[in-house]
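Here is what each chain is made of, one letter per residue.
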Amino acid sequence: MKTFLLLATLCCPFLVLAQDNSPGTIQGDFSFNAQTYYEDSAINASKVDEFMLMNGYANILYNKGNFTAGVRYESYMNALQGFDTDYNGHGIPYRFAQYTIHGLDITIGNFYEQFGNGLIFRSYEEKNLGIDNVMDGFRLKYSPLKGLMLKGFIAKQRLFWEHGPGIIRGIDGELNLNQALSSLENSKTMAILGGSFVSRFQEDNNPVYNLPQNVAAYAFRTSINRGKVSFNSEYAYKFNDPKGGIASNNYAPGMALTSNLSYSQRGLGILLEAHRVDNMDYRSKRGASLNDLTLNYIPAISKQHAYTLAAFYPFATQPMGELGFQGQVNYTFKKKSKIGGKYGTQVALNYSRINGLNGGHSVLTESGSHTPMFFSIQNEELFFRDFNINLKKKLSKKVKLVANYVDLIYNKDVIEGKNNGKNIHARIGIVELNYKLKPKHTIISEVQYLSVDKDDTYYQDQGDWIMGLVEYTISPHWFFAIMDQYNGGYTSEGKTYDAVHYLNISCGYSKGTNRFELGYGKKREGIFCVGGVCREVPSSNGFTLSITSSF
Amino acid sequence: MKTKLSFILIVLAFLSACDTIEQDDFLQGGTNGSGDTTTVIKKILIEDFTGFRCKNCPDAANELQAIENLYEGKIVGIGVHVGYFATPGGDFTTDFRTDAGEDLDAFFSASLSGLPIGLVNRIGYPNALSQHTDWASTVSDIINQEATVAITISDNGNQISVQAKELSTISGNLKLVVCITEDDIIDKQIVDNSVVNDYEHNHVLRTHLNGTWGTDVSLTNEYTSFDFSYTLDGSWQRSNCHAIAYIYNDSNKEVLQVEKIHLTN
Amino acid sequence: MKNLLFVSAMVLFTISASSQNRTLPNVYLKTLDNATISSSEFDNDGQPIIISFWATWCKPCIKELSNIAEVYDDWQDETGVKVIAISIDDARNMPKVKPKVNSELWEYEVYCDPNGDFKRAMGVSTVPHTFLLNDKKEIVYQHTGYKDGDEYGLFEKVKKYAK
């Protein structure tokens, strides 16, 4: 009720001031996903009591001049499998009003924000993963002079339909030297400096330990560009942030350092990246777990695969401690060259490797401490290693070919917290062909094969997979697809699992911004990730219906 | 200009917004929770949802032990092995799951929320789950509350006898649950990504004697007696077993009193 | 209850809003050199602008932009249209945007929207999502998803609004 009055009061002046008589504009978007669940013992899928589950939401934004207000209605009746059941229900968890006046941008209510790369603060939404850690409070953005941007906020963070207990305060400043200093205006080198500070207040009522009630973190960043070369780096430090409880508490500070260097010109791109993360789990509630109430975001340092089987074993950043590297080369062989052929050929190579810190993350307790070496690769626990090569070539006017090869090592114990004993070594081959039948009719076919190493006499994890996909699209309205994922059977923990097909058919119709998609089939259990954050989805069998729309 | 000034003020305010605690001051001095013993003490039930494949669950078990030690005699713990992490397979052959445990898991959505997780007197239902790092704080908030129910238990070898009475008038339907737990079970447990073969499992829930949700009881200000006969499974060590009785309010699921005794040998 | 009130207030407040064409919201984006730019600075001297939301991990997005790239010269000669590609890649993939753009030989203006601010302000829920702006930078057409051949329909619309 308070919020409403506050917003109403704020809106009033705009109603009065609306002298230009333009009524403003409204826009919105809508998304609905539903699935039915049937019992299917072959793939260990279970039915649900509700028969059908659904996730849906709709945004409505109103804009007039410098004023914007918006709401989002969300509904989970009940939440699709794989999403936290705490979402069950419906309501308006997101509403805000925002106006800009003389360069000062004021937001009240909910807002998303990111400082730098997000190492100490990122509030964001990823609806596909059930992540929405939106802030609720006040935010100001102000640019007192050209090239300088200041941001500040005080807010609480969303946790499903409630808020986390912490009060979060943050400020961020970014200075573009070339824009701010007239002497550098025409410099070939461009430099941007930034700094941020975030602090969480949460009461300490621990009966044994003295816990810090205010837990702060700061970060500095720089971005330097000169011609084809660019360098970006950010360093973050977090003060003591024990999780609470009385058995033991770790008072060690946290740090993260991430850097990348790239060279890029027409037809060639080279990227080198490294990061080190130690004890950087920062949340708006002490000791919160899973994806709840995360305040910061450590970008994963591996390639985000788009093909189904290549994304079978995705890596997620371990914010408690890791050391990672990545290198990537993109090269385009020119048209009419020997390798390029008539239309040119694109090649991309990517390598990433992530391991644990020496002896684990930093620890500082009343009885002892441990600080890992800054840099140590050999003999450390390997978390993930991925080498992949991607080739894209237009063969003729009608045919395009994409080929992929991925060789990866996946530490299931660390990444999923499930004991598997040995790292999984998987090799994945993918071929995609696009064939244009007529200008608006295209057939896309994919064949993917995933093969894992053998341990003793058994295949690792779930053994080998093969996948085939045929998709037929008719621009602008229709698509039809049939996909089969086949698992050749495997033995795990003494149990033998039979070979099984996961067959799926789907079709979609779209017109403008309306899109309908209906599917039926079996889905395998798996881990779905965006940007290094993942959710586990159980296997299922049923119909899916998805509708999106925007206006 | 004003805006610039206020930004500078905010910056200064922020820079002080951090508490750094020195190593000597991590622990508070003094003692905690030493209440008087002349009246009936309110004891607190902590249910720890756990599993031997759950690598972070030993942290919760240690926390439960530490809370028991801190508030000696006032805490009753139950380790409820549930869900994926407690499912036998491969080297993990023992099945610590129980029917009642699975019911509780489903009702409170424990394993769906990720283990370890637990309940302190089931306070806060339907959002009763809390992480082990929060248990001690919750306990310290309620440890000095006055008891509203008194329970005593006795065991004659094959029958548990529970006496209970109201200390003040309580509205709502009360239910009594009697269960058996076992300590010192040596079995496998994953601790930090490696399998420990001789991990000591304590407070392991073995069985409920009167169903997951117990039996309706109506109490007066005089002790009423409730009897439950039992037999132990051959694989359980009688000398490590306890009988636990707790009474909760069915309207909000909150546990009002809990008591525990060692089974007679 | 408060939510209901708020919604009714919003509805009342906006009930008078006509079908006036939407213009671009004013949101800060990042250039490929990490500098900050406002979406209000988008300009094409009174010629149409195509704004296409994409991501390095989105196959249909890349397909759409690559297919337009093949005919982009012709489109520009004929209509003066400009394509602005908005990458919604977050901090993880943002460093890969510039090499990707260069290896695809795209001639577009490319900006990054790493935390989805522009995406939200434009009402984009999935990528690809493409907008067409007329000479007054009003949104006159939009579509979501991409199928091979969709670019022909888009170009028909562009021609309609080119001066």
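Up top is the structure.
Values in this document were obtained by computation on a predicted structure and should not be read as measured data.

> Tell me about the overall build of chain A, residues and numbers included.
The helix and strand inventory of chain A stands at 3 helices and 37 strands. Relative to the 2.2 N^0.38 estimate, which gives 24 Å for 551 residues, the radius of gyration of chain A is 26 Å and therefore close to what a compact globule would have. In terms of principal-axis extent, the alpha carbons of chain A reach across some 70 × 60 × 60 Å. Considering chain A as a whole, with its 551 residues, one finds that 42% of them fall into the buried category.

> How would you explain the interface of chain C and chain A if you had to name every residue and give the values?
Between chain C and chain A, the contact holds 51 residues from the first and 79 residues from the second. Looking at the side of chain C that touches chain A, the elements with two or more residues in it are α1 (2–14), α3 (97–103), β7 (139–144) and α5 (150–161) of chain C. Considering each element in turn, the side of chain C that touches chain A owes the most residues, 9 residues, to α1(C). Partitioned by chemical class, the residues of the side of chain C that touches chain A number 16 nonpolar, 22 polar and 13 charged.

> Talk me through the nonpolar core; I want residue IDs and the actual numbers.
Counting 80 residues, the largest nonpolar core has Ile120(A), Val198(A), Ala217(A), Trp54(C), Cys61(C), Ile86(C) and Val127(C) as the members making the most contacts within it. Ile86(C) has contacts with Ile51(C), Ser52(C), Phe53(C), Tyr111(C), Asp113(C) and Phe118(C), leaving out every residue within four places of it along the chain. Counting residues in each nonpolar core, the second largest holds 70 residues, with Ile67(B), Val76(B), Val178(B) and Ile244(B) among its members.

> Before we move on, can you summarise the sheet that holds strand β3 (residues 49–54) of chain C with the specific residues and values?
Residue and element names in this part refer to chain C. Taken together, 7 strands build an open sheet; the order of strands is β2-β1-β5-β4-β3-β6-β7 and the sheet is mixed. In the strand order of this sheet, the two ends are held by β2 (36–38) and β7, each with one partner. If you compare each strand with its neighbour and ignore which way they point, the axes differ by 30° on average. The sheet contact formed by strand β4 (residues 82–87) and strand β5 (residues 109–112) spans 4 bridges and is parallel. Looking across to β5, one finds that Ser87 is bridged to Cys112. Together, β3 and β4 form the strand contacts of helix α2 (residues 59–79), whose direction differs from that of β3 by roughly 150°. Here α5 sits on the sheet in contact with β6 (129–133) and β7, set at roughly 20° to β6.

> Break down the environment of Asp141(B) for me, citing the residues and quoting the values.
With respect to the secondary-structure elements, Asp141(B) resides in helix α4 (residues 132–142). Distance from Asp141(B) to Glu182(B), taken between C-alpha atoms, is 28 Å for residues 41 residues apart in sequence.

> A description of the interface of chain A and chain B should follow, citing residues and the corresponding values.
Residue-level contacts link 43 residues of chain A with 42 residues of chain B. Breaking the side of chain A that touches chain B down by element, the ones donating at least two residues are β11 (148–159), β13 (167–176), β14 (189–201), β15 (214–226) and α3 (412–416) of chain A. Of the residues forming the side of chain A that touches chain B, the biggest block, 3 residues, is contributed by β15(A). Partitioned by chemical class, the residues of the side of chain A that touches chain B number 19 nonpolar, 17 polar and 7 charged.

What counts as what
- Residues numbered from 1 in each chain as written.
- Chains lettered and ligands numbered in written order.
- Predicted model: local features only at pLDDT ≥ 70, side-chain atom pairs only at ≥ 80, totals over all residues.
- Helix = DSSP H or I, 4+ residues; strand = E, 2+ residues; numbered from the N terminus.
- Rg over C-alpha atoms; globule rule 2.2 N^0.38 Å.
- Buried ≥ 20, exposed ≤ 12 C-beta atoms within 10 Å, placed from the backbone.
- Contact = placed C-beta atoms within 7 Å.
- Nonpolar A, V, L, I, M, F, W, Y, C, P; charged D, E, K, R; others polar.
- Core = buried A, V, L, I, M, F, W, Y, C linked by C-beta atoms within 7 Å.
- Pairing = 2+ DSSP bridges.
- Axes fitted to C-alpha atoms, helices over the stretch in contact; angles between N-to-C directions.

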